[in-house]
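Examination of the molecular architecture
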Amino acid sequence: MDNLKSSNSQIPRFALRLLSWFCPEHLYEEIEGDLIQRFNKDVKSVGERRAKRRLIWNTIRFLRPGIVLRNRVTIQFNQLSMFQNYLKITLRNLNKRRAYSIINIVGLAVAVAVCLVIGKYIEFETSYDSFHHDAKNTYRVVSSFYTDGPRDIWGGYDLGPTLANDFPEIQSFVRIHDNGCVVSYTDSKGSQIRSKESNVLVVDSTFFETFTHKFIYGSPSTALKPSSVVITQSMALKYFGNGVDPIGKTLHFSGWWMPGLYEVTAVIEDVPDNTHLKFDFLQPMHNLLQSEFYNYNNERWDNFHTYFKIHTQTDIAQLERKIPQFIKRYRGYDKAINQKAVLQFQNMLDIHYSPNLENEGSHRVTIYCFSAIAFFVLIIAWINYINLSTARSIERAREVGVKKALGVSRKQLIIQFIFESVIINLISVLLAIGLARILLPVLNKIVGRSFVLDLTDPKLLFILTTLFVIGSVASGFYPALVLSSFKTTDVIKGKMTQPFRGLSLRNTLVGFQFASSLILLIGTLVVYQQVHFMQTQDKGFN
């Protein structure tokens, strides 16, 4: 005891203080005793100086995660070990049953890829005109002049000002008139560029207060002054070349409504594809109303589109209820049989879904059908995974029985089987991204668009994550319950039968899978035959 006390007085105290700093309290006394005991032996065998160095080194060797974080992260390390174990088992099972693995992975990958491709189309179709900041508060006037007659989007040039004057709910209005002409530009060297342009609109100066477009040159406040023109970026490149500031240059318009010279006052980015209002040139309404076609105040020229923006808190239904009195005030009673003037307000976000008006856009039913197709394809793939997994339950019963005999709980087995589903779905999602990149050019060719799969898009990442999570849980949870339900005694005795409920549910899923597949196949065949008939049928004229 005296020798121990004598030796303790020679121990480097900072080494023990370091140990007390990082060592858990319940381990400190034991580790400190071992270090002191080792130090005393080293003093006798190699001398005090070397013993001190060895003590410091032995103390530092205890500075490792297993000691420092014994109480804090022991569970985390156990979970990491379990994760590694589950991963090894999953990869072994996938490699052992390659045909089963390929069928599941390819089936899920194709389904997810189809969903991504259809999702890009649906995203595009549902995003029409949403880039305009006030799209929710912007409406277009739709009119009809006969009882239950056809509706159209044309009106007189006086409709917009009169509505804005009579209804304080209307914040501003914009009239739009179609135009087409031959545009030419002659540079300082005498070279001329001349082209026929059809995407020309004549608009009020309030156009950019209602419609949102990004300016490259110029500003909205001075863009639509008299005898000026606003052009898109592609038109600036076409007529003036790359890297040239077109502001102040003059374009000559000939033919149609407004011939003459127009000064370029602004250049905006090209109009997106997802809008019903496409144009390359914007001319001021002032010049049109001062032209020979309109200078006689002929308000019955019904070839204007009228848009208006309402105040945020306005009830559009209540505003529409005031329209009959408005019509009566300015038009009077319609005495002709079947004649009845009606004005309706169509929100900008709904314009794309009105194909009966000037053949604009597509039906909402089309979008719903494509959504249903994507949904059923995904459901069929998940059901296919569930059926294949439960069909192999007898084969994997021995594995379950042995693990339960070794003390593995049912909870751990469920986690393992769900983990297998997670890995399979993860591989499928990654493969689906590649398949979608291959399928998108085909879709682009069919619909005439240029869709791309941008992996930095938050919406796309959210969709992929959602499909991955729902797919992992939906397709893995039920097989995990079935596979983990076998009893050890039944497996040992060879009584490996499927539960009646599980068999009944699997039969139901198989029936639903076949029925959905047949519906999709028949629907696809019918649509193909209809399209083929329209393309090949004799139209009766040359």
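See the structure shown above.
This write-up is about the structure you can find in this document.

**Regarding the overall build of the protein chain**
Assigned secondary structure in the protein chain consists of 20 helices and 10 strands. The proportion of buried residues among the 542 residues of the protein chain is 41%. For the protein chain, long-range pairs separated by at least 24 residues make up 76% of all intrachain contacts whose partners lie at least 6 apart in sequence. By element, 58% of the accessible surface of the protein chain is carried by carbon and sulfur atoms, the whole surface being about 31,200 Å².

**Considering the pattern of salt bridges**
Under the defined criterion, the tally for this structure stands at 11 salt bridges. Across the pair Asp42 and Arg38 runs a salt bridge whose closest N-O atoms are separated by 3.8 Å. Of this pair, Asp42 and Arg38 both sit in helix H3 (residues 25-46), four residues apart, which is roughly one turn of that helix. The salt bridge partner of Lys214 is Glu269, with a shortest N-O separation of 4.0 Å.

**Considering helix H4 (residues 48-61)**
Taking 1.5 Å per residue, 14 residues should reach 20 Å; H4 reaches 20 Å between its end C-alpha atoms and fits that length. Turning to H4, its buried residues are Ala51, Leu55, Asn58 and Thr59. For H4, the angular spread of buried residues about the axis comes to 100°, placing them on one side. Among the exposed residues of H4, those oriented more than 90 degrees off its buried face are Arg49, Arg53 and Trp57.

**Some details on the pairing of strand E5 (residues 228-232)**
Taken residue by residue, a regular strand's side chains alternate between the two faces of the sheet. With five of five residues buried, E5 is to be regarded as a mostly interior element. Of the two faces of E5, both are covered, the one formed by Ser228, Val230 and Thr232 as well as the one formed by Val229 and Ile231. Of the strand pairs in this sheet, E5 and strand E7 (residues 260-268) are connected by five bridges, and their pairing is parallel. Across the sheet, Ser228 pairs through a bridge with Glu263, a residue of E7.

**Comments concerning the environment of Ser421**
Here Ser421 lies in helix H17 (residues 410-447). Once residues within four sequence positions are removed from consideration, Ser421 is found in contact with Tyr385, Gly471, Ser472, Ser475 and Gly476. Separated by 2.9 Å, the side chain of Ser421 and the backbone oxygen of Ser472 make a polar contact.

**A look at the packing of helix H7 (residues 98-125) against helix H15 (residues 364-391)**
One way to put it is that H7 packs onto H15 with a least axis distance of 9 Å and a crossing angle of 165°. Between H7 and H15, the crossing angle belongs to the class labelled roughly antiparallel. For the pair H7 and H15, the sense of crossing is left-handed. Classifying every residue of the contact of H7 with H15 gives 20 nonpolar, five polar and one charged.

**Considerations on the side chain of His177**
Position of His177 among the secondary structure elements: in strand E2 (residues 170-186). His177 gets classed as buried once you look at its relative accessible area, which sits at 2%. Among the polar contacts listed, one links the side chain of His177 to the side chain of Asn303, at a separation of 3.4 Å.

**Remarks on unusual backbone geometry**
Non-glycine residue Asp129 carries a positive phi angle of around 65°. Mapped onto the elements, Asp129 comes out in the loop between H7 and strand E1 (138-146). For Asp129, a relative accessible area of 0% puts it in the buried group. Backbone geometry at Ser227 places phi at a positive 60°, although glycine is not the residue there. Among the structural elements, Ser227 can be located in the loop between helix H10 (220-223) and E5. Ser227 gets classed as partly exposed once you look at its relative accessible area, which sits at 34%.

Definitions and limits used
Residues numbered from 1 in each chain as written. Predicted model: local features only at pLDDT ≥ 70, side-chain atom pairs only at ≥ 80, totals over all residues. Heavy atoms only, no water. Helix = DSSP H or I, 4+ residues; strand = E, 2+ residues; numbered from the N terminus. Buried < 20%, exposed > 50% of the residue type's maximum accessible area, 1.4 Å probe, protein only. Contact = heavy atoms within 4.5 Å. Areas by Shrake-Rupley, 256 points an atom, 1.4 Å probe, with all protein chains shown as cover. Salt bridge = Lys/Arg side-chain N within 4 Å of Asp/Glu carboxyl O. Expected span 1.5 Å × (residues − 1). Arc of directions from axis to C-beta. Pairing = 2+ DSSP bridges. Polar contact = N/O pair within 3.5 Å; in protein donor to acceptor, adjacent residues only side chain to side chain. Axes fitted to C-alpha atoms, helices over the stretch in contact; angles between N-to-C directions. Parallel < 35°, antiparallel > 145°, perpendicular 65-115°, else oblique. Left-handed = near helix turned anticlockwise from the far one by under 90°. Nonpolar A, V, L, I, M, F, W, Y, C, P; charged D, E, K, R; others polar.

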